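Examining the three-dimensional arrangement
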Amino acid sequence: MYVKLCGLRTTADVAVAVDAGADAVGIVFTESPRQVDPDTARRLVREVPPHVLSVGVFKGIAADEVRRLAAEAGVDAVQLHGRYPQAAFEEVSALGVPLVRAVTLTSDTDVRVGAYGEQMLLLDSPVAGSGEQWDTTALDGARPEGRWLLAGGLGVDNVAGAVSRARPWGVDVSSGIESSRGVKDHGLMREFVAAARAAAPHSPS
Ligand SMILES: O=C(O)c1ccccc1N[C@@H]1O[C@H](COP(=O)(O)O)[C@@H](O)[C@H]1O
């Protein structure tokens, strides 16, 4: 099970995520209680070891600006939330880093991983980072294959159930590992990684 912990804001958050065994950490560049400025983002990225993916998270920011911010910070991957056209993915992919396409599942969502040139697909609730769950029974008619992540209202207590219902390749969490909005709880971060891995130790490739 691939586990991404998102919305990290301090070097201590990064150290705990790495020690807990997270595969990826998310750094939010977009308006959010977890947003960090470019200098902080660069500092956090420097703390992420090579075996952990540092992911810049963007929503509603123009592709050229995404590219500039991601390059400045040196993130390993870019996660785009919202209705970015395919051309935006092409523009960002010129950076040469993997892309994560983050969308809400609707009847017209293209759930093929790679349809926009992305390496991972992320299915999230309509309001990213809100801690709200969504109805994953909608996956019954449109289950992606391969590298797709489930997000939206996950936490220590519900990740096992969510994984067994949705059968994702990986999971992503932000609100569910916080003591208050924007403040990571290091104990919950560790518990979440353990709970997700216990739910499904191996991801399909
Ligand atoms: O975490 C944020 O604040 C955020 C803001 C804007 C876009 C994406 C954001 N995070 C992503 O939201 C989900 C997790 O949400 P939840 O809080 O666990 O419900 C995940 O994809 C994060 O990468």
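Residues numbered from 1 in each chain as written. Predicted model: local features only at pLDDT ≥ 70, side-chain atom pairs only at ≥ 80, totals over all residues. Heavy atoms only, no water.

**As for the pattern of salt bridges**
Once their charged atoms are close, side chains differing in charge can pair, the charge on each being opposite to the other. As enumerated under the stated definition, the model contains 11 salt bridges in all. Across the pair Asp-140 and Arg-143 runs a salt bridge, and its minimum N-O distance is 3.3 Å. Relative accessible area serves as the criterion here: at 26%, Arg-143 is assigned to the partly exposed category. Each of Arg-34, Glu-178 and Lys-184 takes part in a single network of salt bridges with overlapping partners. (Salt bridge = Lys/Arg side-chain N within 4 Å of Asp/Glu carboxyl O. Buried < 20%, exposed > 50% of the residue type's maximum accessible area, 1.4 Å probe, protein only.)

**Concerning the nonpolar core**
Of all hydrophobic cores here, the largest spans 56 residues; its most connected members are Leu-5, Phe-58, Val-78, Val-171 and Phe-192. The contact partners of Phe-58, leaving out residues within four places of it in the chain, are Phe-29, Thr-30, Val-66, Leu-69, Ala-70, Val-78, Gln-79, Leu-80, His-81 and Tyr-84. Tyr-2, Val-55, Met-120 and Ala-151 belong to the second largest nonpolar core, which has 11 residues in total. (Core = buried A, V, L, I, M, F, W, Y, C linked by side-chain atoms within 4.5 Å. Contact = heavy atoms within 4.5 Å.)

**Quick notes on the packing of helix H5 (residues 159-166) against helix H6 (residues 186-199)**
Across the interface, H5 lies against H6 with an axial gap of 9 Å and an inter-helix angle of 35°. You can see that H5 and H6 cross each other, and the crossing is right-handed. Contacts between H5 and H6 involve Val-159, Ala-160 and Val-163 from the former and Phe-192, Ala-195, Ala-196 and Ala-199 from the latter. Class assignment for the residues of the contact of H5 with H6 results in 7 nonpolar, no polar and no charged. (Axes fitted to C-alpha atoms, helices over the stretch in contact; angles between N-to-C directions. Helix = DSSP H or I, 4+ residues; strand = E, 2+ residues; numbered from the N terminus. Left-handed = near helix turned anticlockwise from the far one by under 90°. Nonpolar A, V, L, I, M, F, W, Y, C, P; charged D, E, K, R; others polar.)

**Things to note about unusual backbone geometry**
Positive phi, close to 55°, is recorded for Arg-167, a residue that is not glycine. Among the structural elements, Arg-167 can be located in the loop between H5 and strand E8 (170-173). Note on Arg-167: relative accessible area 51%, which makes it exposed.

**A word on the UniProt feature "domain: N-(5'phosphoribosyl) anthranilate isomerase (PRAI)" (unreviewed entry) in the protein chain**
Residues annotated in UniProt with the feature "domain: N-(5'phosphoribosyl) anthranilate isomerase (PRAI)" (unreviewed entry) correspond here to residues 4-194. In residues 4-194, helix accounts for 29% and strand for 22%; the two terminal C-alpha atoms are 12 Å from one another. (UniProt positions renumbered as here; feature names shortened; annotations may be inferred.)

**As for the site of the ligand**
Ser-32, Gly-153, Asp-172, Ser-174 and Ser-175 are the nearest of the 21 residues found near the ligand. Contact with the protein chains covers 98% of the free accessible surface of the ligand, which is 510 Å². For the shell around the ligand, the secondary-structure elements that each account for two or more residues are strand E4 (77-81), strand E6 (120-124) and E8. Here the residues of the shell around the ligand sort into 6 nonpolar, 11 polar and 4 charged. (Near = heavy atom within 4 Å. Areas by Shrake-Rupley, 256 points an atom, 1.4 Å probe, with all protein chains shown as cover.)

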